[in-house]
Amino acid sequence: MTWKERRAAARREDASYENWSGGYRPYDLVKEASIAFGVILALTVVLAILFSSPDEKPTTVKSWARTDPVDFVTTATTELDGSSGTGGYGPPYNHAADGQHIGPIRLQKWFGVSHPVDTAQDFVLAPLRSIPGDPTLQNAVSTYQNASASQQSAWTTAYEKALGNASATASGAISLKSGNYGPLNVMMPRLLSFAQSGGLDGQLLTSKQFYQTDYTKPLLFIADGGLLANRADAEHLSGDQWGMMNETGSYPGQVWLWLYTFWYQIKPFTSSWAANADIAVMAVMGVLSLLFVCIPFLPVINRIPRWIPVYRLIWRQHYRTASS
Amino acid sequence: MSVTQPPAESSKSWTLRVRERAVAALPPEKLLADKQPTYVASWIYVFGVLSLTSLAVIILTGSILTLKGPGWWHFTGIGHFFNSMHLWSVELFFFFMVIHLWGKYWMAAWRGGRKRVWITGAVTFLVAVPCALTGYVSQQNFDAQWISTQAKDAMNSVGIGAFFNLLNFGQMYSYHVLLLPVAVVALVVIHVLLVRKHGVVPPFRISERMAAFQSRPASPADADLSSSHEVAS
């Protein structure tokens, strides 16, 4: 049989399944749907009563600055010199990098900076400028802003190095050995106090309008620090723990994301492709999703149900009746 | 009083054409069928209707949460209870939908001109994933913080983050309570209408004897039902 004849035969066979001309039996669609709705509603109520749902309080900048002041000040200093995760992120936040790519395909770069974030200005300098009645602080900020880039870098580098051995005092301040930190000696402790008072939470949300629903800046700032990641690690939510498909506690979470999360656990996504792992995973999942939708048209995949006769189990009553 | 005949132009009426096509494709006895083929006799068929009813509970509990606003469930017991119902109905929805999809795969349910039934079902699953994700990042708790800051990298890497910002609560909440649920429900409606139109896929014929069996009514009573069905279709 030629390829064309086989194709024509397959079409005829497929068409033969269009209509059912065998037997029928009475069926109450509305009754079945109503009973199913009642059962699912009752099951949901029982599950809600038995297992409830998780609701861990969010991390605020205030709670972060109070819980781990050294980590807060270290992160804020990296925001000031642009060496933080967000500072070097690239699109859609800034132009510090091109972002991820697969060969010449640079979608992250091509879509551009849609949510501009200047980490030094937005997370440190502007909040410090908003603190009233503190001329010493304002002079320190002016000194920092008017200094050359190399001088600023020398101050932040020295400060970050000292923070490596810093400790928190009983009052929540930080203690670090003396050095040539320039105006940072005034700026960073003031920013810490401002954050511990809750002022920075509000400041990071401030925009041109009264109402605000965009948490991009505070979330990026908090995520650059260590507290959020430490909490996530303790709750088995880190990337190497099958990440965000899990949920706090023992709740099932988004188990339907298992295949997406799976790729982040294996090579080469964790090794040679690590720098571009996100776009690689999205590409793989995009292709797999397309194949999933197109299963009826995929030559081998659409024949497997004929070769592995699970259908004999599904329609066993029908086949039993037919053979008798 | 005399009955006026419809004008000849009525055949060009858009309304009439839509109605005629809709009724021809899905006559009432097909849309709300009171009979089904004898081969529909397996527990696997239950998972389709369970997916649908789980979706109905999701919409019901989600509507109650929407009526009270996004913060309500954090500080009231009854709000937390409805949030729990919403969560568990979502878990059930995905669980039932996955089993339903696997069942349909092993039946090769796209046979006999039913490819669009499979496609709409598969796309519904794919659209339901971001619908759930936007719910998780709209929770306003630690889970929302962690999931949004982690998932943003994947979105940003392919440029989606430029217009779909997981860190923007207002945008995610809008997607979760309106845009994506409307898309899911629309897809489910199309999927169900296609199922009603084409019927449930018949079993594979595994022999000539089976072919003969499947092409004739099983009993006189069935013959009546079968013939009325064919007339209707």
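Residues numbered from 1 in each chain as written. Chains lettered and ligands numbered in written order. Predicted model: local features only at pLDDT ≥ 70, side-chain atom pairs only at ≥ 80, totals over all residues.

A count of helices and strands for chain B gives 10 helices and 1 strand. Starting at the N terminus, the α and β elements of chain B follow one another as α-α-β-α-α-α-α-α-α-α-α. The burial tally for chain B puts 44% of its 233 residues in the buried class. In chain B, once contacts between residues fewer than 6 apart in sequence are set aside, the share between residues at least 24 apart is 70%. (Helix = DSSP H or I, 4+ residues; strand = E, 2+ residues; numbered from the N terminus. Buried ≥ 20, exposed ≤ 12 C-beta atoms within 10 Å, placed from the backbone. Contact = placed C-beta atoms within 7 Å.)

Right, let's get into the overall build of chain A. When its secondary structure is counted, chain A shows 17 helices and 3 strands. On C-alpha atoms alone, chain A measures out to a radius of gyration of 30 Å, which is more than a quarter above the 20 Å that the 2.2 N^0.38 rule sets for 324 residues. If one aligns the C-alpha atoms of chain A with their principal axes, the spans along those axes are about 95 × 55 × 40 Å. The buried share among the 324 residues of chain A stands at 32%. Across chain A, every contact between residues at least 6 apart in sequence was considered, and the portion connecting residues at least 24 apart equals 56%. (Rg over C-alpha atoms; globule rule 2.2 N^0.38 Å.)

Residue and element names in this part refer to chain A. Considered for burial, the residues of helix 6 (residues 119–129) that qualify are Thr119, Asp122, Phe123, Val124, Pro127 and Leu128. End-on view of helix 6: buried residues confined to an arc of 170°, all on one side of the axis. On its buried side, helix 6 packs onto helix 4 (69–81), helix 7 (135–146), helix 9 (184–196), helix 10 (199–205) and helix 11 (216–224). (Arc of directions from axis to C-beta.)

Moving on, we come to the environment of B:Leu60. All names here are of chain B. Counting through the fold element by element, Leu60 comes out in helix 3 (residues 46–68). The exposure class of Leu60 is partly exposed, given the 16 C-beta atoms found within 10 Å. Leu60 sits 43 residues away from Arg17 along the chain, and the two C-alpha atoms are 35 Å apart.

Residues and elements named next belong to chain A. Two numbers describe how helix 6 lies on helix 7: the axes approach to 9 Å, and their chain directions differ by 140°. As judged from the angle between their axes, helix 6 and helix 7 are oblique. Judged by the twist between their axes, the crossing of helix 6 over helix 7 is left-handed. Contact residues: Leu125, Leu128 and Arg129 in helix 6; Leu137, Val141 and Gln145 in helix 7. Partitioning the contact of helix 6 with helix 7 into residue classes produces 4 nonpolar, 1 polar and 1 charged. (Axes fitted to C-alpha atoms, helices over the stretch in contact; angles between N-to-C directions. Parallel < 35°, antiparallel > 145°, perpendicular 65-115°, else oblique. Left-handed = near helix turned anticlockwise from the far one by under 90°. Nonpolar A, V, L, I, M, F, W, Y, C, P; charged D, E, K, R; others polar.)

Residue and element names in this part refer to chain A. Here chain A is partitioned into domain 1 (3–52 + 296–323), domain 2 (61–231) and domain 3 (235–293). Placing the centre of domain 2 and that of domain 3 at their C-alpha centroids yields a distance of 30 Å. The interface is formed by 4 residues belonging to domain 2 together with 6 residues belonging to domain 3. Residue composition of the side of domain 2 that touches domain 3, grouped by class: 1 nonpolar, 2 polar and 1 charged. (Domains from an automatic or database assignment.)

Between chain A and chain B, the contact holds 81 residues from the first and 90 residues from the second. At 12 residues, helix 2 (residues 29–51) of chain A tops the list of elements feeding residues into the side of chain A that touches chain B. Broken down by class, the residue content of the side of chain A that touches chain B amounts to 46 nonpolar, 22 polar and 13 charged. Examined bridge by bridge, strand 1 (residues 24–26) of chain A and strand 1 (residues 35–37) of chain B share 3 bridges and lie antiparallel to one another. Residue pairing in the sheet places A:Arg25 in a bridge with B:Gln36 of strand 1 of chain B. (Pairing = 2+ DSSP bridges.)

A separate point is helix 2 of chain A. Its 23 residues place the ends of helix 2 of chain A 32 Å apart at the C-alpha level, agreeing with the 33 Å of an ideal helix rising 1.5 Å per residue. What helix 2 of chain A keeps buried is the set A:Ala36, A:Ile40, A:Thr44 and A:Ala48. On the buried face of helix 2 of chain A, the contacting elements are helix 3 and helix 5 (77–106) of chain B. (Expected span 1.5 Å × (residues − 1).)

This paragraph deals with the nonpolar core. Considering soluble globular proteins, one finds that nonpolar side chains tend to be buried as a cluster. Counting 110 residues, the largest nonpolar core has A:Val61, A:Ala76, A:Met187, A:Met188, A:Leu191, A:Ala195 and B:Phe93 as the members making the most contacts within it. In terms of residues, this core owes the most to one element, helix 5 of chain B, which gives 11 residues. When residues no more than four places from it in sequence are discounted, the contact partners of A:Ala76 are A:Phe123, A:Val124, A:Met188 and A:Leu191. (Core = buried A, V, L, I, M, F, W, Y, C linked by C-beta atoms within 7 Å.)

Across the interface, helix 14 (residues 277–293) of chain A lies against helix 7 (residues 142–157) of chain B with an axial gap of 8 Å and an inter-helix angle of 75°. As judged from the angle between their axes, helix 14 of chain A and helix 7 of chain B are roughly perpendicular. Here A:Asp278, A:Ile279, A:Val281 and A:Met282 of helix 14 of chain A lie close against helix 7 of chain B, whose contacting residues are B:Asp153, B:Ala154 and B:Ser157.

Within the secondary structure, A:Ser153 sits in helix 8 (residues 149–163). The class for A:Ser153 is partly exposed, based on 14 C-beta atoms found within 10 Å.

So, about the confidence of the model for chain B. All names here are of chain B. Confidence in the prediction of chain B, expressed as mean pLDDT, is 88, and 84% of residues score 70 or more. Counting contacts from residues 218–233, a segment whose pLDDT is below 50, to residues more than four positions away or on other chains yields 21 contacts. The ipTM, which scores confidence in the relative placement of chains, is 0.92 for this predicted complex, and the corresponding pTM is 0.90. (pLDDT = per-residue confidence, 0-100.)

What follows covers unusual backbone geometry. A:Pro91 connects to A:Pro92 through a cis peptide bond whose omega is 10°. Relative to the helices and strands, A:Pro92 resides in the loop between helix 4 and helix 5 (107–110). Note the cis peptide between A:Lys267 and A:Pro268, where omega equals 5°. For A:Pro268, the position within the fold is in the loop between helix 13 (258–262) and helix 14. You will see that B:Gln140, though not glycine, has its phi angle at about 60°, which is positive. Here B:Gln140 lies in the loop between helix 6 (115–136) and helix 7.

Its place among the elements puts A:Ile279 in helix 14. In this structure A:Ile279 comes out as buried when scored by C-beta crowding, with 24 C-beta atoms within 10 Å. Distance from A:Ile279 to A:Gln108, taken between C-alpha atoms, is 9.1 Å for residues 171 residues apart in sequence. In this view, A:Ile279 contacts A:Gln100, A:His101, A:Ile102, B:Ser157 and B:Val158; residues no more than four positions away in its chain are not counted.

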